[in-house]
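Here is how the chains run, residue by residue.
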Amino acid sequence: MQTRTNGYLWAEVRPDDRPAEAVRGTEYLPGPADARVAYDVWHPKPWGWKVASHLWTKSIGSGALALGGLWLASGVMSDRLLGIGAAAIGMVFLAITALLLIWDLKRPERFWYLLVKPNPRSWLVWGGYILLVVGGLAFFWAVASLAGWQGIERLLAWLALPGGIAAAGYTAFLFGQAEGRDFWQSPLLLPILLVQALVAGTAALLLLLVAGGALEGRAWLGLVLGGGLIGLFVLVASELLVPHANLHVAKAARLLTHGPYRGERLVVGLGVGVLVPLIALALGWAGGNLAPWSVVAAVAALIGLWSYERLWVETGQDIPLS
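Let us look at the structure shown here.

Here is what the cut-offs are and how they apply
- Residues numbered from 1 in each chain as written.
- Predicted model: local features only at pLDDT ≥ 70, side-chain atom pairs only at ≥ 80, totals over all residues.
- Heavy atoms only, no water.
- Helix = DSSP H or I, 4+ residues; strand = E, 2+ residues; numbered from the N terminus.
- Buried < 20%, exposed > 50% of the residue type's maximum accessible area, 1.4 Å probe, protein only.
- Areas by Shrake-Rupley, 256 points an atom, 1.4 Å probe, with all protein chains shown as cover.
- Core = buried A, V, L, I, M, F, W, Y, C linked by side-chain atoms within 4.5 Å.
- Contact = heavy atoms within 4.5 Å.
- 1 Å grid on protein atoms, 1.4 Å probe; cavity = no way out; pocket = protein on both sides within 12 Å on 5 of 7 lines; lining within 4 Å.
- Points joined across faces, edges and corners; volume = space filled by probe spheres on them.
- Nonpolar A, V, L, I, M, F, W, Y, C, P; charged D, E, K, R; others polar.
- Axes fitted to C-alpha atoms, helices over the stretch in contact; angles between N-to-C directions.
- Parallel < 35°, antiparallel > 145°, perpendicular 65-115°, else oblique.
- Left-handed = near helix turned anticlockwise from the far one by under 90°.

## Topic: the overall build of the chain
Then comes step 1: Across its full length, the chain holds ten helices and two strands.
Then comes step 2: Starting at the N terminus and ending at the C terminus, the chain contains elements arranged as β-β-α-α-α-α-α-α-α-α-α-α.
Then comes step 3: Taken over 322 residues, the chain has a buried fraction of 45%.
Then comes step 4: Accessible area for the chain stands at about 15,800 Å²; split by element, carbon and sulfur atoms hold 67% of it.

So this is what it looks like as structure tokens:
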């Protein structure tokens, strides 16, 4: 049984024993009116919350490293708390990222094959190398900060900037190799990942400085977070709202703008993730008491970012390959 509206096929009633995930959002996927499913077998989505969490933790770790390294090495901020804290955040969250990546493998016990039997054409392999190298850099940066080796600390802080950018951006090339999923082939993916790292890293460092009592006189950090959120909103809106020549990309974008994910995208992604942080930062600046409002803004931004990562991973797999 099918429903036709304006010449488009919108829905198909599934058998009672077919999992609900098999048709989630299909009523929002326009297609040719004469299309008919003759035979189909439902398969679970291979990528789920672990991949979304991997993207989220990687944004936090890489962003904290890149921004902390830039601010420390350039002399914009010289707090010992920043040197140790940014390195520790980067090290811990990149380690969690690597563990999630290994956990998501079909045979996690064979993860070491990525090192001893690598496929040099795979960005999964290169991503593993990048996480290993950048995580090691964060570890030695933390050691240098604790030991008071200022020269080595500053050198490692400078290296943390390109290292953080590499860790944040390699996923664009990894998802680019998933050629069956056109939604993940967007040319905006790389800049979106980098701005996500900016937002997540700034939020993490704001929480660090508030916890250490070192935020006073640094209202410009709120400007960095607010600017990053506005930039991320513009990039995501550009990806979803512009016309798409590719039918699969158009269907995926429609799932997010009109489909079952629309409520979470508006309430959590836009409301909690963008509007709440901007309002909190504005209240902090207006009242001259940025610290408590920075906590609200940072936590809300991280929640919104997690929601976006989950929806982006889910939506890319909701479009049938055939």
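Next comes the rest of the account.
## Description of the nonpolar core
Then comes step 1: Counting 76 residues, the largest nonpolar core has Trp 141, Phe 183, Leu 205, Leu 225 and Trp 312 as its most contacted members.
Then comes step 2: No other element matches helix α6 (residues 189-211), which puts twelve residues into this core.
Then comes step 3: Sequence-distant contacts of Trp 141, defined by excluding residues within four places in its chain, comprise Leu 65, Gly 68, Gly 69, Leu 72, Gly 83, Ala 86, Ala 87, Glu 153, Leu 156, Ala 157 and Ala 160.

## Some remarks on empty space enclosed by the protein
Rolled over the atoms, a probe sized like a water molecule indicates the empty space that remains.
Then comes step 1: On inspection of all chains with the given rule, the structure shows two cavities of 30 Å³ or more.
Then comes step 2: Considering only enclosed or pocket space, the second largest cavity measures out at about 40 Å³ in volume.
Then comes step 3: If you go around the second largest cavity, the residues you meet are Leu 55, Leu 189, Ile 192, Leu 193, Gln 196, Tyr 308, Glu 309 and Trp 312.
Then comes step 4: Counting residues per element, the ones that place at least two in the lining of the second largest cavity are α6 and α10 (290-318).
Then comes step 5: The residue makeup of the lining of the second largest cavity, split by class, is six nonpolar, one polar and one charged.

## A few points about the side chain of Thr 97
Then comes step 1: You can see Thr 97 is positioned in helix α2 (residues 80-103).
Then comes step 2: Taking relative accessible area as the criterion, Thr 97 reaches 0% and is therefore assigned buried.
Then comes step 3: Contact partners of Thr 97, with chain neighbours within four places excluded, come to His 54, Thr 57, Lys 58 and Leu 131.

## Examining the environment of Ala 66
Then comes step 1: One can find Ala 66 in helix α1 (residues 49-73).
Then comes step 2: When residues no more than four places from it in sequence are discounted, the contact partners of Ala 66 are Ala 160, Leu 161, Gly 164 and Ile 165.

## Regarding the packing of helix α7 (residues 220-241) against helix α9 (residues 262-287)
Then comes step 1: Two elements in contact, α7 and α9, have axes whose closest approach is 10 Å; the angle formed by their N-to-C orientations is 155°. Our classification of the angle between α7 and α9 gives roughly antiparallel. Of the two possible hands of crossing, α7 and α9 adopt the one that is left-handed. Facing α7, whose interface residues are Gly 222, Leu 223, Leu 225, Gly 226, Leu 229, Ile 230, Phe 233 and Leu 240, α9 presents Arg 265, Leu 270, Gly 273, Val 274, Pro 277, Leu 278, Leu 281 and Trp 285.
Then comes step 2: When its residues are assigned to classes, the contact of α7 with α9 shows twelve nonpolar, three polar and one charged.

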